[in-house]
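For reference, the chains in residue letters:
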Amino acid sequence: PVKKIKTILKLSALFFNLYPLLLIIGALIAWATNGSNFILVENGFVNYFLIYPFWIILTLMLQSLLYFVLGDIIRSVMFFLFREKRKITRKYFHKAILLITALFVLYVPARVIYDLNAIEVNEYIYEKENLSTALEDFKIVLIADVQADQYTNNSRLQNYIDEVNSLNPDLVLIAGDVITSSAKYIDTAAEFIGKIKAENGVYACVGDHDNWAYGRDYQRSVSEIVEALEKYNVPMIDNDNKSIEVDSARIGMTFVTDNYVTRISPQRLDSLVAANHLDFKIFITHQPNQRMVDKAEEYSYNLFFAGHTHGGQISLSFPFQNLSVTLFETKYVKGDFSFGDMMMIVNGGLGVSIAPVRYNSTADISLITLKNK
């Protein structure tokens, strides 16, 4: 009956809009309390019966809509070319729409579950002429956006760290964001990061989320994260250089803080990169922006490391290209990019932000092995 259908539609609309409404209320509370963090709720029932379904349905709608638009363009062309067969064309178009919808109804939830549980190790070889023999086969692991929170829980963190350690890295670098926003996860993040084993140490730069444990009290947030990591001998370095000795070789690392909260001045950036004059140089920052890339290339850095993008986090499948809102911010979403002799690697990380799901963006660990060219 029509009345029952209307009732179902109203209840569905209420369900679908409940979560956004609660987010708006949370944002208003945060604004009214001088930027204090608002956490909707930390409850498994709410997550699995409200929050996850909302994001999966929204992703399904966006993903299907993308192909509906493409299909509509193809249909219009077919109508123009085969005007006498419009009825048949329309029939097959409707069948194609139903098939696409059915496929994505199966694929989208399955892919979300996979991306929240799987870990992808991407391996890269960096070749350098006259590389010191001490650095031959030296293994560097890059991770980013650990972002400990209710969604990136102990189980996901442990699996991620275990995978890092299984690679037997010589050096581990973290491109920022060890928490998402809540101070209650600072010690958790530090504890799991402290389990990483690397002969030449573990180092991190400052990410934007590392500023948000206490609302607008950015300094307190970063200070407490730095202090928590120091307990496990993991320095979080804020706009400074660090060098390590590997037998007879030295690696110079420049850690740059340039994110939504803090932008480094051109003068400070110049002084940092000019001070790093070692033979092998690594530039580490959180956000992969062109200004940083250009400066690193200008000063002959060998490797450029960044995170922040979550590999797109929600990347809609499309022929020859995965589409994500991250592309509005940067074209360097995930993987490796070449700039002369400099290799840039953007790590997709582990955590989530805003949406508690990943889609076509599996958790990522980058393994870079150094070779003599």
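The structure this text deals with has already been given above.
It should be emphasised that the depicted structure is a prediction, and the values quoted were computed from it without experimental measurement.

Please clarify how the layout of surface pockets should be interpreted in this entry.
The probe, sized like a water molecule, is rolled over the atoms to show the empty space still left. Here the second largest pocket is characterised by a volume of approximately 610 Å³. Looking at the second largest pocket, it is lined by 25 residues, and the ones nearest its centre are Gly312, Gln313, Val325, Thr326 and Ser353. Per element, the largest residue contribution to the lining of the second largest pocket is four residues, and it comes from helix α2 (residues 44-81).

Explanation requested: the nonpolar core in the structure shown.
Proteins that are soluble and globular tend to have nonpolar side chains buried together. Ranked by size, the top nonpolar core spans 36 residues in total, and within it Val141, Ile143, Ile196 and Met236 carry the most contacts. If you list the elements that add at least two residues to this core, you get β2 (139-143), α4 (154-166), β3 (171-174), α5 (186-193), β4 (202-205), α6 (218-230) and β14 (363-372). Setting aside its immediate chain neighbours within four residues, valine 141 contacts Val164, Leu167, Pro169, Leu171, Val172, Leu173, Ile365, Ser366 and Leu367. Of all hydrophobic cores here, the second largest spans 30 residues; its members include Leu142, Ala144, Ile244 and Met343.

How should the pattern of salt bridges be read in this particular structure?
Should their charged atoms come close, side chains of opposite charge can pair. One pass over the structure, following the stated rule, counts eight salt bridges. For the salt bridge of lysine 371 with aspartate 137, the shortest nitrogen-to-oxygen distance reads 2.4 Å. Of the two residues, lysine 371 sits in strand β14 while aspartate 137 sits in the loop between β1 (119-128) and β2, which places them 234 residues apart along the sequence. Residue classification places aspartate 137 among the partly exposed residues on the basis of a relative accessible area of 39%. In this structure, the salt-bridge partner of glutamate 298 is lysine 295, at a minimum N-O distance of 3.4 Å. Taken together, the residues span about one helical turn, with glutamate 298 and lysine 295 both in helix α8 (residues 290-298) at a distance of three residues.

Help me out: how do you make sense of a positive patch on the surface in this one?
A contiguous patch of positive charge on the surface is contributed by Arg83, Arg86, Lys87 and Arg90. On the accessibility criterion, lysine 87 (70% relative accessible area) is exposed.

Whenever I open this one, unusual backbone geometry confuses me. Can you help?
Among all residues except glycine, the phi angle is most often negative; among peptide bonds, the trans geometry is most common. For aspartate 247, which is not glycine, the phi torsion reads 55° and is therefore positive. Relative to the elements of secondary structure, aspartate 247 occurs in the loop between β6 (240-246) and β7 (249-256). Positive phi, close to 60°, is recorded for serine 300, a residue that is not glycine. With respect to the secondary-structure elements, serine 300 resides in the loop between α8 and β9 (303-306).

I keep staring at the packing of aromatic side chains and nothing clicks. Help me out?
To describe a pair of aromatic rings, you give the distance between the ring centres and the angle between the ring planes. Overall, the coordinates contain twelve aromatic pairs when judged by the stated rule. With 5.3 Å between their ring centres and 85° between their planes, phenylalanine 54 and tryptophan 55 make a pair best called edge-to-face. Among the aromatic residues, those joined into a ring-pair cluster are Tyr48, Tyr52 and Tyr151. A cation over a ring is seen here: arginine 220 above tyrosine 214, with NZ or CZ 3.7 Å from the ring centre. The ring of tyrosine 301 has lysine 281 lying over it, and the distance from NZ or CZ to the ring centre is 4.7 Å.

How do you make sense of the pairing of strand β13 (residues 342-346) when you look at a structure like this?
Where burial is concerned, most of β13 is hidden: five out of the five residues are buried. In terms of strand pairing, strand β12 (residues 335-339) meets β13 through five bridges, oriented antiparallel. Across the sheet, the residue bridging to phenylalanine 337 is methionine 344, located in β13. Here β12 folds back onto β13 in antiparallel fashion, the turn holding two residues, of which glycine 340 has a positive phi close to 65°.

Procedures and definitions
By convention here, each chain's residues receive numbers from 1 onward along its written sequence. Local features in this predicted model are restricted to residues of pLDDT 70 or higher, and side-chain atom pairs are both shown and tallied only at a pLDDT of 80 or more, whereas totals for entire chains, interfaces and linings draw on every residue. Side-chain measures were taken over the full set of non-hydrogen atoms in the model, leaving aside hydrogen atoms and water. In this analysis, the protein atoms alone were mapped onto a 1 Å grid. Cavities are point sets where a 1.4 Å probe fits without being able to get out; pockets are open sets with protein on both sides within 12 Å along at least five of seven lines; lining residues have an atom within 4 Å of a point. Grid points are joined across faces, edges and corners, and a volume is the space filled by probe spheres set on the points. Helical segments are the DSSP runs of H or I of at least four residues, strand segments are the runs of E of at least two, and each set is numbered from the N terminus. To form a nonpolar core, buried Ala, Val, Leu, Ile, Met, Phe, Trp, Tyr and Cys residues must be joined to one another through side-chain atoms within 4.5 Å. Each residue's exposure class comes from its accessible area (1.4 Å probe, protein chains only) as a fraction of the maximum for that residue type: buried when under 20%, exposed when over 50%, partly exposed otherwise. Only heavy atoms matter for contacts: two residues are in contact if any of them lie within 4.5 Å across the pair. Salt bridge, as used here: a side-chain nitrogen of Lys or Arg that lies within 4 Å of a carboxyl oxygen of Asp or Glu. Residues enter patches when their relative accessible area tops 30% and they take part in no salt bridge; the joining distance is 9 Å for like charges and 5 Å for the nonpolar side chains Val, Leu, Ile, Met, Phe, Trp and Tyr. The method behind every accessible area is Shrake-Rupley, applied with a 1.4 Å probe, and residues are considered shielded solely by the protein chains displayed. Charged residues are defined narrowly, with Lys and Arg counted positive, Asp and Glu counted negative, and His plus the chain ends left uncounted. By convention, the point assigned to a charge is CZ for Arg, NZ for Lys, CD for Glu and CG for Asp. The rule is short: rings of Phe, Tyr and Trp, with Trp giving its six-membered ring, pair when the centres are within 6.5 Å, and they are stacked under 30 degrees, edge-to-face over 60, tilted in between. By definition, being over a ring means that NZ of Lys or CZ of Arg is both within 6 Å of the ring centre and within 35 degrees of the ring normal. We treat two strands as partners when DSSP finds at least two bridges between them.

That is the geometry; function is a separate question.
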